[in-house]
Amino acid sequence: MDLKSHLQRAWETCWRFIVPLVVSTLVMLLVGIASLGVLAPVTAAGYTRSLLLALREGREPKPGDLFSEMRLFLPLLCFSILAAVVLFIGFSAFLIPGILATGALVFFCLYMLPIMIDQRLGLLEALKESYSMAMENIPEQVAVAAIFVVICALGSSVMLGVLLTQPFATLFLLSVYEQKLSGHGKSPARTG
């Protein structure tokens, strides 16, 4: 896998739609904060869908897209609560179990959201498919996960940096997802 080409594709798409992406990212963050995190997972799903359409079809992202995947509200909320509990237990036990739990969630669940949106799969099926994609090539998956986490961390370390790095990281992930999807012999489902 040519990670450089995925980074370049994400960068070009990001700059092509920079203003709508910054606005959508800001709205997603504000909705997540205002709802005390309750709407964060489902707006992240809508955000992912919007960026997938921007990457595939050149469609401009819109803040209204954030609410396009409300059908996933309950499964994503339950998954988020379960993940938070696992991380809380991991970090409460000691730092190392918490880091391992975080790493496992990132490694195995990286493609879960795009799969749920794109392939219209339920939570458990999407988790299985994400796990399968992650295990295809472990060194490659480690590199993809590390790049995604580093980009997100860089944005979070600078005030308002997340407005630029979150769309870039998500577009990078979606570009990799599309290549993995074609490697599985699957075609994209209805996203529009």
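It should be noted that the structure appears before, not after, this text.
These figures come from a predicted structure and were not determined experimentally.

Enquirer: Help me understand the environment of R59 in this model?
Expert: By the element assignment, R59 lies in the loop between α3 (40-57) and α4 (73-93). For the pair R59 and V158, spaced 99 residues apart in the sequence, the C-alpha separation amounts to 29 Å. Once residues lying within four places of it in the same chain are set aside, the contact partners of R59 are F17, S50, L53, A54 and D65. In terms of polar contacts, R59 uses its side chain to reach the side chain of D65, at 2.9 Å.

Enquirer: Sorry if this is basic, but what is going on with the packing of aromatic side chains here?
Expert: Centre distance and the angle of the planes are the two values used to describe a pair of aromatic rings. On inspection of all chains with the given rule, the structure shows four aromatic pairs. Measuring from ring centre to ring centre gives 5.5 Å for W11 and W15, while their planes differ by 65°; the resulting arrangement is edge-to-face. Residue W11 and its partner W15 are both found in helix α1 (residues 3-16); the two are separated by four residues, about one turn of the helix. Take W11: its relative accessible area is 47%, and that puts it in the partly exposed class. The interplanar angle of 85° and the centroid separation of 5.5 Å between the aromatic rings of W11 and F168 together place this pair among those described as edge-to-face. With a gap of 157 residues between them, W11 in helix α1 and F168 in helix α9 (residues 162-183) connect regions that are remote in the sequence. Residue classification places F168 among the buried residues on the basis of a relative accessible area of 14%. Among the aromatic residues, those joined into a ring-pair cluster are W11, W15 and F168.

Enquirer: Help me understand the pattern of salt bridges in this model?
Expert: When the charged atoms of two side chains lie near each other, side chains of opposite charge can form a pair. This model, assessed by the stated rule, comprises nine salt bridges. Here E69 makes a salt bridge to R49, at a shortest N to O gap of 3.4 Å. Taken together, the positions of E69 in the loop between α3 and α4 and R49 in helix α3 put the pair 20 residues apart, joining distant regions of the chain. Each member of the pair, E69 as well as R49, carries the same accessibility label: buried. Between R59 and D65 there is a salt bridge, and its shortest N-O distance comes to 2.9 Å. Note on D65: relative accessible area 7%, which makes it buried. Bridged by salt links that share partners, the residues R9, R56, D118 and E178 form one connected network.

Enquirer: Where do I start with α1 in this structure?
Expert: Structurally, the α-helix is built with 3.6 residues per turn, so residues lying three or four positions apart point the same way. Along its 14 residues, α1 runs 20 Å from first to last C-alpha, staying within 8% of the 20 Å computed at 1.5 Å per residue. Among the residues making up α1, those that are buried are L3, H6, A10, T13 and C14. The buried side chains of α1 occupy one side of the element, clustering within an arc of 105° when seen end-on. Away from its buried face by more than 90 degrees, α1 exposes K4 and R16. Tucked inside the fold, the buried residues of α1 contact α2 (18-34), α3, α8 (138-157) and α9.

Enquirer: Would you take a moment to explain the nonpolar core for this structure?
Expert: Inside soluble globular proteins, nonpolar side chains tend to come together where they are buried. The biggest cluster of nonpolar side chains holds 42 residues, and the ones touching the most others in it are L76, L110, Y111, M112, M116, V144 and L171. Of all elements in the fold, only α1, α2, α3, α4, α6 (112-118), α7 (123-136), α8 and α9 reach the threshold of two or more residues within this core. Top element by residues in this core is α9. It accounts for nine residues.

Enquirer: Before we go on, may I ask you to explain unusual backbone geometry in this structure?
Expert: With the exception of glycine, the majority of residues adopt a negative phi angle, and the majority of peptide bonds are in the trans configuration. In this structure, L36 takes a positive phi of about 55° despite not being glycine. Considering the arrangement of structural elements, one finds L36 in the loop between α2 and α3. Despite not being glycine, R120 shows a phi value in the positive range, around 55°.

Enquirer: So what exactly am I meant to see when it comes to a nonpolar patch on the surface here?
Expert: Taken together, the side chains of F91, F94, L95, I96, I99 and L100 define a hydrophobic patch exposed on the protein surface, amounting to about 630 Å² of accessible area. A per-element tally of the nonpolar patch places helix α5 (residues 95-109) first, with four residues. Of note, F94 is situated in the loop between α4 and α5. Of the residues examined, F94 reaches a relative accessible area of 56% and is grouped as exposed.

Cut-offs used in this document
Residues numbered from 1 in each chain as written. Predicted model: local features only at pLDDT ≥ 70, side-chain atom pairs only at ≥ 80, totals over all residues. Heavy atoms only, no water. Helix = DSSP H or I, 4+ residues; strand = E, 2+ residues; numbered from the N terminus. Contact = heavy atoms within 4.5 Å. Polar contact = N/O pair within 3.5 Å; in protein donor to acceptor, adjacent residues only side chain to side chain. Phe/Tyr/Trp six-rings, centres within 6.5 Å; stacked < 30°, edge-to-face > 60°. Buried < 20%, exposed > 50% of the residue type's maximum accessible area, 1.4 Å probe, protein only. Salt bridge = Lys/Arg side-chain N within 4 Å of Asp/Glu carboxyl O. Expected span 1.5 Å × (residues − 1). Arc of directions from axis to C-beta. Core = buried A, V, L, I, M, F, W, Y, C linked by side-chain atoms within 4.5 Å. Patch = residues over 30% accessible without salt bridge, like charges linked within 9 Å, V, L, I, M, F, W, Y side chains within 5 Å. Areas by Shrake-Rupley, 256 points an atom, 1.4 Å probe, with all protein chains shown as cover.

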